[in-house]
Amino acid sequence: MSFFSFGQNAEIDVVLNDAETRKKAEHKTEDGKKDKYFLFYDGETVGGKVNVTLKTPGKRLEHQGIKIEFVGQIELYYDRGNHHEFVSLVKDLARPGEITQSQTFDFEFTHVEKPYESYTGQNVKLRYFLRATVIRRLNDISKELDIVVHTLSTYPELNSSIKMEVGIEDCLHIEFEYNKSKYHLKDVIVGKIYFLLVRIKIKHMEIDIIKRETTGTGPSVYHENDTIAKYEIMDGAPVRGESIPIRLFLAGYDLTPTMRDINKKFSVRYYLNLVLIDEEERRYFKQQEITLWRKGDVVRKSMSHQAAIASQRFEGSAASESALEQAAKEESG
């Protein structure tokens, strides 16, 4: 109830034009739970209606204007007072005046630039939202609607394999090879491990996927490492000349694309960590960065035409739409 009970009050609701048909995506909230939000891509239009419903019919509501904003912002948890906005668009829906009955206002933000992927991490959150506001002298009435943005990529032109060695002089010599260094989020890491020299008793071997989130700059840099996956390669002692195949399916894990220096505020990088443990519980490991990306299969029927164009523009891809459609058909087939 309003403190000024003799005055008029109102409720605001923001409804997207294509709410019934638009795809939703799961996204992690700050408390670690997952909710579903409307999914958008860079370059897509965001349009809909703002419904202002008067709580007391027949009484007028005075206001200083009604507006809607489209906002993209980064919030660093250690600096919660400051929100860093990288997208800020405003549409005025009504001039100062009064409302005597419930009203609906249409809005449209055309071909909105959404350069970064939505992200909720240990120390940082990147979010996009619509905020409708009825401006009043004493207390504004506002309502926010969060959306999720995915950034799309095309196949990387260069995707070389990874070859590395782990060695302890006269004790251990291992070579391992992964088929490539850049993987899409539903990809499979395929590799092989060769044991060239084994003079220590290895009892366990695994590959971990490590996510490293870096926030801040200069002296106030924060690093958070999170082990996303553990894949046991072997349990028991290998022998010289043995080779062990690796197949690690990424689709089952909670991964995001690699993010490098997003708006000069944070980065998210991924590493493959090879871990060996001997019978005396000594650990040997070797780490290698990999790049993760979201496959741009936007040409499927559930996606809009303008999203397909946006994905090409975002990657600077010269590929024609027909080529993208053909790739999408081959992948889905």
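Please read these numbers as outputs of a predicted model, since none were measured by experiment.

Draft legend 1. View of the pairing of strand 11 (residues 124-134). Counting buried positions along strand 11 gives eleven out of eleven residues, so the element sits mostly inside the fold. Burial along strand 11 is two-sided: the face carrying Val 124, Leu 126, Tyr 128, Leu 130, Ala 132 and Val 134 and the face carrying Lys 125, Arg 127, Phe 129, Arg 131 and Thr 133 are both buried. With eleven bridges joining them, strand 6 (residues 66-76) and strand 11 adopt antiparallel strand pairing. Looking at the pairing, Ile 74 lines up with Leu 126 of strand 11. With two bridges joining them, strand 10 (residues 119-120) and strand 11 adopt antiparallel strand pairing. Along strand 11, the bridge assignment pairs Tyr 119 with Leu 126. The hairpin formed by strand 10 and strand 11 contains three residues between the paired strands.

Draft legend 2. Molecular detail of the sheet that holds strand 9 (residues 103-109). Within the open sheet, the three strands sit side by side as 1-4-9. Their pairing is antiparallel. The sheet is open, and its two borders are formed by strand 1 (10-16) and strand 9, each paired with just one other strand. Strand-to-strand twist of the sheet, defined as the mean angle between neighbouring strand axes without regard to direction, takes the value 20 degrees. Where strand 1 lies against strand 4 (residues 46-54), seven bridges are found, and the strand directions are antiparallel. The partner of Val 14 across the bridge, within strand 4, is Val 50.

Draft legend 3. Local environment of the sheet that holds strand 16 (residues 188-198). Strand order in this open sheet of four strands is 13-14-16-19, and the pairing throughout is antiparallel. Lying at the two open borders of the sheet, with one neighbouring strand each, are strand 13 (162-168) and strand 19 (243-249). On average, each strand axis in the sheet is inclined to that of its neighbour by 20 degrees, with strand direction left out of account. Bridging between strand 13 and strand 14 (residues 172-178) involves seven bridges; their strand directions are antiparallel. If you follow Ile 168 over to strand 14, its bridge partner there is Leu 172.

Draft legend 4. Inspection of the environment of Ile 174 at higher detail. The topology assignment puts Ile 174 in strand 14. Owing to a relative accessible area of 0%, Ile 174 belongs among the buried residues under this scheme. Once you skip the residues sitting within four places of it in the chain, Ile 174 turns out to touch Met 164, Glu 165, Val 166, Ile 193, Tyr 194, Phe 195, Ile 202, Met 205 and Leu 276.

Conventions we followed
- Residues numbered from 1 in each chain as written.
- Predicted model: local features only at pLDDT ≥ 70, side-chain atom pairs only at ≥ 80, totals over all residues.
- Heavy atoms only, no water.
- Buried < 20%, exposed > 50% of the residue type's maximum accessible area, 1.4 Å probe, protein only.
- Helix = DSSP H or I, 4+ residues; strand = E, 2+ residues; numbered from the N terminus.
- Pairing = 2+ DSSP bridges.
- Axes fitted to C-alpha atoms, helices over the stretch in contact; angles between N-to-C directions.
- Contact = heavy atoms within 4.5 Å.

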